[in-house]
Amino acid sequence: MTYSLIDTGANLAHDSFDEDRADVLQRAKAAGVTKIVITGSSDSSNQEAAKLAELHPRILYSTAGVHPHHASDYSETSDALIRELVQKDVVVAVGECGLDYFRNFSPRDAQLDAFRRQLEIAKDCGLPVFLHQRDAHDDFVEIVESALPDLSRAVAHCFTGEGESLHEYVAMGLYIGITGWICDERRGQHLHDIVAVIPDDRLLIETDAPYLLPRTIQPRPKSRRNEPAFLVEVLKTVAEAREQSIEHVARITTENAVRFFALQ
Ligand SMILES: [Zn+2]
């Protein structure tokens, strides 16, 4: 079966792809992943992601933002760079940005400040936001809720939370990004049970490559590196968990990605 899938979050600027990026793109295409949105998460990856996207127009796109892990590095330069990059046609969202209190690689104050500043950029430029949240639910909801009236669209990327927060996000009108986390029979079982809560028009799928290699992949690549071609595993697992056909989930997630990122 051939699909036309969109990987809505892949860290293709990551150096683990430096050796064989062209092969990775070729395998994605062969697997039916026709478009990929490259996640920017730091000053350098934002630049690299946009550069890559410009080499493959209408296939690759990028986002520009600073991940909460790097929030301490959020400077005037970072802010100006994101504002500059969002002017480019290939840059389709602000982010990833948000809050991550799981490891607190950056202090919470720095995270809150960087997050609010990036939401301001999204408001100013009108692009959607690509949101990251881990163990920071209350602060996250408070900030996002107050920003939402001025934002075009927002996605809770790599959603791994519980049913309660999923219901809350859906009620807020957020899109929900599901990764290969759902393919993990140990820590992803709860997602399997609740993914049907997401309305058809709010569901996005992503690999978050090179992270989160789906555990359903057989045989498992020695490198343990995830790549966009494996989006098909996410698609199949999500379809099964939602008791919908693979074709249906392929169609709605692609339509949603095109609408969310206003892809041309
Ligand atoms: Zn993330």
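Since this is a predicted model, take the numbers as computed values, not measurements. (Residues numbered from 1 in each chain as written. Predicted model: local features only at pLDDT ≥ 70, side-chain atom pairs only at ≥ 80, totals over all residues. Heavy atoms only, no water.)

Undergrad: How do you make sense of the side chain of His 132 when you look at a structure like this?
TA: Among the structural elements, His 132 can be located in strand β5 (residues 129–134). A distance of 3.4 Å separates a polar atom in the side chain of His 132 from a polar atom in the side chain of His 67. Those residues in contact with His 132, other than ones at most four positions away along the chain, are His 67, Pro 68, Glu 96, Cys 97, Gly 98, Leu 99, Asp 100, Phe 140 and His 157. (Helix = DSSP H or I, 4+ residues; strand = E, 2+ residues; numbered from the N terminus. Polar contact = N/O pair within 3.5 Å; in protein donor to acceptor, adjacent residues only side chain to side chain. Contact = heavy atoms within 4.5 Å.)

Undergrad: Can you help me understand helix α3 (residues 76–85) in this one?
TA: Side chains that are three or four residues apart share a direction in an α-helix, a result of its 3.6 residues per turn. Turning to α3, its buried residues number three or more, namely Ser 78, Asp 79, Leu 81, Ile 82 and Leu 85. The arc enclosing the buried residues of α3, seen along the axis, measures out at 165°, which places them on a common side. Exposed residues on α3 whose side chains face more than 90 degrees from its buried face are Glu 76, Thr 77 and Glu 84. Where α3 is buried, its residues meet α2 (43–55), β3 (60–64), β4 (91–100) and α4 (108–125). Here α3 starts with a cap whose side-chain oxygen sits 3.2 Å from the backbone nitrogen of Thr 77, and that cap is Ser 75. (Buried < 20%, exposed > 50% of the residue type's maximum accessible area, 1.4 Å probe, protein only. Arc of directions from axis to C-beta.)

Undergrad: What is the right way to look at the environment of Arg 27 in this model?
TA: One can find Arg 27 in helix α1 (residues 21–30). Here Arg 27 falls in the partly exposed class, since its relative accessible area comes to 36%. A C-alpha to C-alpha distance of 5.8 Å links Arg 27 and Ala 229, two positions 202 residues apart in sequence.

Undergrad: Even after reading the chapter, I still don't get the packing of helix α5 (residues 137–147) against helix α6 (residues 163–172), so can you show me in this structure?
TA: Relative orientation and spacing of two packed helices are given, respectively, by the angle between their axes and the distance between those axes. Contact pair α5 / α6: the axes reach a minimum separation of 12 Å and the direction vectors enclose 5°. In terms of axis orientation, α5 runs roughly parallel to α6. For the pair formed by α5 and α6, the contact residues are His 137, Phe 140, Val 141, Val 144 and Glu 145 on the first element and Ser 165, Glu 168, Tyr 169 and Met 172 on the second. The residue makeup of the contact of α5 with α6, split by class, is 5 nonpolar, 2 polar and 2 charged. (Axes fitted to C-alpha atoms, helices over the stretch in contact; angles between N-to-C directions. Parallel < 35°, antiparallel > 145°, perpendicular 65-115°, else oblique. Nonpolar A, V, L, I, M, F, W, Y, C, P; charged D, E, K, R; others polar.)

Undergrad: Teacher, can you tell me more about the coordination of the zinc ion here?
TA: Think of it this way: four donors in a tetrahedron around the metal ideally sit 109.5 degrees apart, and six in an octahedron ideally sit 90 or 180 degrees apart. The coordination sphere of the zinc ion, as far as protein atoms go, consists of Glu 96 (OE), His 132 (ND1) and His 157 (NE2), spread over 2.1 to 2.2 Å. Expressed as a motif, the donor residue spacing for the zinc ion is E-x35-H-x24-H. One end of the pair, His 132, is in strand β5; the other, His 157, is in the loop between β6 (154–156) and α6, with 25 residues separating them in the sequence. In terms of burial, His 132 and His 157 fall into one category: buried. (Donors = N, O, S within 2.8 Å, 3.2 Å for Na, K, Ca; no water.)

Undergrad: Can you help me understand α4 in this one?
TA: Between its first and last C-alpha atoms α4 spans 26 Å; for 18 residues at 1.5 Å apiece the expected length is 26 Å, and the two agree. Within α4 the residues assigned to the buried category are Gln 111, Leu 112, Ala 114, Phe 115, Gln 118, Leu 119, Ile 121 and Ala 122. Looking at the buried side of α4, the elements it contacts are α3, β4, β5 and α5. Just past α4, the residue Gly 126 takes up positive phi, approximately 85°. (Expected span 1.5 Å × (residues − 1).)

Undergrad: Mind showing me how you'd approach the pattern of salt bridges here?
TA: Should their charged atoms come close, side chains of opposite charge can pair. What the rule picks out here adds up to 19 salt bridges. Ionic pairing is found between Asp 150 and Lys 123, a salt bridge with its closest N-O pair at 4.0 Å. Of the two residues, Asp 150 sits in the loop between α5 and β6 while Lys 123 sits in helix α4, which places them 27 residues apart along the sequence. Looking at Lys 123, the relative accessible area reads 27%, which means it is partly exposed. Two residues, Arg 215 and Glu 185, come together in a salt bridge whose shortest N-O distance is 3.1 Å. Pair noted here: Arg 215 is in the loop between β8 (203–205) and α8 (231–242) and Glu 185 is in the loop between β7 (175–178) and α7 (189–194), with a separation of 30 residues, a long-range link. What makes Arg 215 partly exposed here is its relative accessible area of 29%. Under the relative-accessibility criterion, Glu 185 is labelled partly exposed at 47%. In the salt-bridge network here, residues are joined through shared partners; they are Glu 76, Asp 79, Arg 83, Arg 117 and Asp 124. (Salt bridge = Lys/Arg side-chain N within 4 Å of Asp/Glu carboxyl O.)

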